[in-house]
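Okay, here's what each chain looks like letter by letter:
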Amino acid sequence: MKTTIDDCRIIELKRHHGATGNISVIENGKVIDFDIKRLFFIYDIPAGATRGMHAHKTLHELIIAASGSFDVRLFDGEREKTIQLNHPSKALLLPNGVWEELKNFSSGATALVLASKPYDSNDYYRDIEEFLENKKEL
């Protein structure tokens, strides 16, 4: 089955509000349908920088704006759309087979990414032409 941008979706994380602040929880098998095998932060992003610029062959991600805001451009080989992430209770579920670019970071923005697999350089399409040539396999 071919993955498209329609397979990407926003998940509203439940907020538990208290007098001392909010908390949102992500648990394997409850909020997302994959086990979290890796977690990383992207921060101190220089003005005008673009991150990502790749697609995964098998890995799935959940991307959250832990602070600030940024845009995520999604491209499936035929169509594209851009989603703005601007609150920690709003997460983007990104399956494999979709090209991603993170850009337009606000000052002090931090992107939190939860991944379904440990890092494996062989799981990446880093060249858009290679991605397009192999898209039918994803």
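Here goes a summary of the coordinates provided. (Residues numbered from 1 in each chain as written. Predicted model: local features only at pLDDT ≥ 70, side-chain atom pairs only at ≥ 80, totals over all residues. Heavy atoms only, no water.)

## A look at the nonpolar core
Part 1 of the argument: Membership of the largest hydrophobic core comes to 19 residues, with the highest contact counts inside it found for Ile63, Phe70, Val72, Leu74, Leu85, Leu92 and Leu102.
Part 2 of the argument: With 3 residues, strand S7 (residues 70-75) is the largest single contributor of residues to this core.
Part 3 of the argument: Excluding residues that lie within four positions of it along the chain, Leu85 makes contacts with Ile10, Ile63, Ile64, Ala65, Gly68, Ser69, Phe70, Val72, Lys90, Ala91 and Leu92.
Part 4 of the argument: If you look at the next biggest cluster of nonpolar residues, it comprises 10 residues, including Ile11, Phe34, Leu62 and Ala91. (Core = buried A, V, L, I, M, F, W, Y, C linked by side-chain atoms within 4.5 Å. Buried < 20%, exposed > 50% of the residue type's maximum accessible area, 1.4 Å probe, protein only. Helix = DSSP H or I, 4+ residues; strand = E, 2+ residues; numbered from the N terminus. Contact = heavy atoms within 4.5 Å.)

## Considering the packing of aromatic side chains
Part 1 of the argument: Using the criterion set out here, one finds 4 aromatic pairs in the structure.
Part 2 of the argument: We note Lys57 situated over the ring of Tyr125; from NZ or CZ to the ring centre the distance is 4.9 Å.
Part 3 of the argument: Positioned above the aromatic ring of Tyr124, the side-chain terminus of Arg126 is 3.9 Å from the ring centre. (Phe/Tyr/Trp six-rings, centres within 6.5 Å; stacked < 30°, edge-to-face > 60°. Lys NZ or Arg CZ within 6 Å of the ring centre and 35° of its normal.)

## Here's the deal with a negative patch on the surface
Part 1 of the argument: A grouping of Asp127, Glu129, Glu130 and Glu133 is seen on the molecular surface, where their side chains present a negatively charged patch.
Part 2 of the argument: Tracing the backbone through its elements, the reader meets Asp127 in the loop between strand S12 (124-125) and helix H1 (128-134). (Patch = residues over 30% accessible without salt bridge, like charges linked within 9 Å, V, L, I, M, F, W, Y side chains within 5 Å. Areas by Shrake-Rupley, 256 points an atom, 1.4 Å probe, with all protein chains shown as cover. Salt bridge = Lys/Arg side-chain N within 4 Å of Asp/Glu carboxyl O. Lys, Arg positive; Asp, Glu negative; His and termini not counted. Charge placed at Lys NZ, Arg CZ, Asp CG, Glu CD.)

## Structural notes on the layout of surface pockets
Part 1 of the argument: When its volume is computed, the largest pocket comes out at roughly 180 Å³.
Part 2 of the argument: Around the largest pocket, the lining comprises 13 residues; the ones closest to its centre are Phe40, Ile42, Arg51, Gly52 and His54.
Part 3 of the argument: Here the lining of the largest pocket takes 4 residues from strand S5 (residues 51-56), the largest share from any one element. (1 Å grid on protein atoms, 1.4 Å probe; cavity = no way out; pocket = protein on both sides within 12 Å on 5 of 7 lines; lining within 4 Å. Points joined across faces, edges and corners; volume = space filled by probe spheres on them.)

## What about the pattern of salt bridges?
Part 1 of the argument: Evaluation of the coordinates by the stated rule reveals 6 salt bridges.
Part 2 of the argument: Of the charged contacts, one joins Glu101 and Arg73 as a salt bridge, the two residues approaching to 3.2 Å between their closest N and O atoms. On the criterion of sequence distance, the pair formed by Glu101 in strand S10 (residues 99-103) and Arg73 in strand S7 is long-range, its members being 28 residues apart.
Part 3 of the argument: Residue classification places Arg73 among the buried positions, given a relative accessible area of 15%.
Part 4 of the argument: In this structure, a network of salt bridges that share partners links the residues Asp6, Asp76 and Arg79.

## Things to note about the pairing of strand S8 (residues 80-85)
Part 1 of the argument: Where S7 and S8 come together, 6 bridges link them in antiparallel fashion. By the bridge assignment for S8, Val72 is matched with Ile83. (Pairing = 2+ DSSP bridges.)

## Comments concerning the pairing of strand S9 (residues 90-94)
Part 1 of the argument: Of all 5 residues in S9, 4 are buried, a share of seventy percent or more.
Part 2 of the argument: Alignment of strand S1 (residues 9-12) against S9, held across 4 bridges, turns out to be antiparallel. Across the sheet, the residue bridging to Ile10 is Leu92, located in S9.
Part 3 of the argument: Of the strand pairs in this sheet, strand S6 (residues 61-67) and S9 are connected by 4 bridges, and their pairing is antiparallel. Each residue of the ladder has a partner; that of Leu62, found in S9, is Leu93.

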